[in-house]
Amino acid sequence: FSLQMILLRTHSRFSFHRATASIKELVNAAAEAGMSHLALTDYYGLFGAVRLVERCKKNGVQPIVGMMTRVQLPHSGRPDNLTLLAKNRAGYTRLCELSTIHQTERETQQNGVSWERFTQSTAGLICFAGGHGSILGDGVDQDELVSFSQLFGKDGYFAVDRNSQSSWIDAGEASGLEPVWCRPVYHVNPADGDMFRVLQAIDQNIRLEDVPNSQLP
């Protein structure tokens, strides 16, 4: 048999100041690579979900609707980003609710949704904790990871990318979160890498040369 890669964390231009790729570019690239599925996980909203579904249908790719959400960790209370994917209608409904919270209560994009509010419903959701842009790595109390494992069960995973350290992966596995390769995609064309760095500098209000390499995919 042959192994097939599926992109589980992709961002479009709807992730303001965070990505350069259009949904058309993402879907076309997935189709040309022979991928069967493509997930769209823009930050704090589902703005591109309809376009994703429509474009995927035209290209024979199965769309996966997802979103980045920001949540206050249960033990430390520190805000962190999570990757969520909807596996059914219930999951999509919950993503819509979280998107509404982030867009109508804009402070949650910085401070996060409270753990109590987030855990009111996780039905139909797949969660990837950790990964690019997450603080769930070395130095974070493992109790945080255990909480995600207990909340999501077999639908909870630990996201791994090129910056992940082995100790982080070990902590995730010890907490019951299976590691999954989840490198984020912010642009399709390599030439857009410089523009992505510019967007990072604008978003953080720092000089271009001060953008750390750890923040690049």
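Below is a summary of the structure that appears in this document. (Residues numbered from 1 in each chain as written. Predicted model: local features only at pLDDT ≥ 70, side-chain atom pairs only at ≥ 80, totals over all residues. Heavy atoms only, no water.)

**Overview of the overall build of the chain**
Link 1 in the chain: Across its full length, the chain carries 8 helices and 6 strands.
Link 2 in the chain: In sequence order, the secondary structure elements of the chain are arranged as α-β-α-β-β-α-α-α-β-α-β-α-β-α.
Link 3 in the chain: Overall size of the chain, expressed as C-alpha extent along the three principal axes, is 45 × 45 × 40 Å.
Link 4 in the chain: Restricting the contact set of the chain to residue pairs at least 6 apart, pairs at least 24 apart contribute 68%.
Link 5 in the chain: Accessible surface computed for the chain: about 10800 Å², of which carbon and sulfur atoms make up 49%.
Link 6 in the chain: Across the chain, the 20 positively charged side chains and the 23 negatively charged ones have centroids separated by 9 Å. (Helix = DSSP H or I, 4+ residues; strand = E, 2+ residues; numbered from the N terminus. Contact = heavy atoms within 4.5 Å. Areas by Shrake-Rupley, 256 points an atom, 1.4 Å probe, with all protein chains shown as cover. Lys, Arg positive; Asp, Glu negative; His and termini not counted. Charge placed at Lys NZ, Arg CZ, Asp CG, Glu CD.)

**Focus on the layout of surface pockets**
Link 1 in the chain: Taken as a whole, the largest pocket spans an internal volume of roughly 670 Å³.
Link 2 in the chain: Around the largest pocket, the lining comprises 29 residues; the ones closest to its centre are Asn81, His132, Gly133, Ser134 and Gln215.
Link 3 in the chain: Going through the elements one at a time, helix 4 (108-111) and helix 8 (193-204) are the ones with two or more residues in the lining of the largest pocket.
Link 4 in the chain: It is helix 8 that contributes the most residues to the lining of the largest pocket, 4 residues altogether.
Link 5 in the chain: Taken together, the residues that form the lining of the largest pocket break down as 8 nonpolar, 16 polar and 5 charged. (1 Å grid on protein atoms, 1.4 Å probe; cavity = no way out; pocket = protein on both sides within 12 Å on 5 of 7 lines; lining within 4 Å. Points joined across faces, edges and corners; volume = space filled by probe spheres on them. Nonpolar A, V, L, I, M, F, W, Y, C, P; charged D, E, K, R; others polar.)

**Some remarks on a nonpolar patch on the surface**
Link 1 in the chain: Where nonpolar side chains cluster on the molecular surface, the patch consists of Met195, Val198, Ile202 and Leu208 and spans about 320 Å² of accessible area.
Link 2 in the chain: Topologically, Met195 is positioned in helix 8. (Patch = residues over 30% accessible without salt bridge, like charges linked within 9 Å, V, L, I, M, F, W, Y side chains within 5 Å. Salt bridge = Lys/Arg side-chain N within 4 Å of Asp/Glu carboxyl O.)

**A few points about the side chain of Gln109**
Link 1 in the chain: Note on placement: Gln109 falls in helix 4.
Link 2 in the chain: Engagement of the side chain of Gln109 in a polar contact is seen with the backbone oxygen of His102, the distance being 3.1 Å. (Polar contact = N/O pair within 3.5 Å; in protein donor to acceptor, adjacent residues only side chain to side chain.)

**A few points about the sheet that holds strand 5 (residues 156-160)**
One key point about sheets: their strands pair by backbone hydrogen bonds, in either a parallel or an antiparallel sense.
Link 1 in the chain: Taken in spatial order, the 6 strands line up as 1-2-3-4-5-6 in an open sheet, and their pairing is mixed. A single partner strand is all that each edge strand has here, and the edge strands are strand 1 (37-40) and strand 6 (178-181). With direction set aside, neighbouring strand axes in the sheet form an average angle of 35°.
Link 2 in the chain: In this structure, strand 5 lies alongside strand 6, joined through 4 bridges in parallel fashion. (Pairing = 2+ DSSP bridges. Axes fitted to C-alpha atoms, helices over the stretch in contact; angles between N-to-C directions.)

**Here's the deal with the pairing of strand 2 (residues 62-72)**
Link 1 in the chain: Taking burial as the measure, the 11 residues of strand 2 include 9 buried ones, the bulk of the element.
Link 2 in the chain: When strand 1 meets strand 2, the two strands line up parallel, connected through 4 bridges. Bridge pairing links His37 to Gln62 in strand 2.
Link 3 in the chain: Both strand 2 and strand 3 (residues 79-86) contribute to a ladder of 7 bridges, which runs antiparallel. When the bridges of strand 3 are listed, Gly66 appears paired with Leu85. (Buried < 20%, exposed > 50% of the residue type's maximum accessible area, 1.4 Å probe, protein only.)

**Digging into the packing of aromatic side chains**
Link 1 in the chain: Evaluated as defined, the whole model comprises 7 aromatic pairs.
Link 2 in the chain: Ring centres 5.5 Å apart and planes at 75° place the aromatic pair Tyr43 and Tyr44 in the edge-to-face group. Of the two residues examined, Tyr43 and Tyr44, each falls in the buried class.
Link 3 in the chain: Geometrically, the ring pair formed by Trp115 and Phe118 is tilted, given 5.9 Å between the ring centres and 45° between the ring planes. One end of the pair, Trp115, and the other, Phe118, are both in helix 5 (residues 115-118), 3 residues apart, so they sit about a helical turn from each other.
Link 4 in the chain: An aromatic cluster is present here, built from Trp115, Phe118, Phe148 and Phe152 joined pairwise through their rings.
Link 5 in the chain: The residue whose ring lies beneath Arg18 is Tyr43, and the NZ or CZ to ring-centre distance is 4.2 Å. (Phe/Tyr/Trp six-rings, centres within 6.5 Å; stacked < 30°, edge-to-face > 60°. Lys NZ or Arg CZ within 6 Å of the ring centre and 35° of its normal.)

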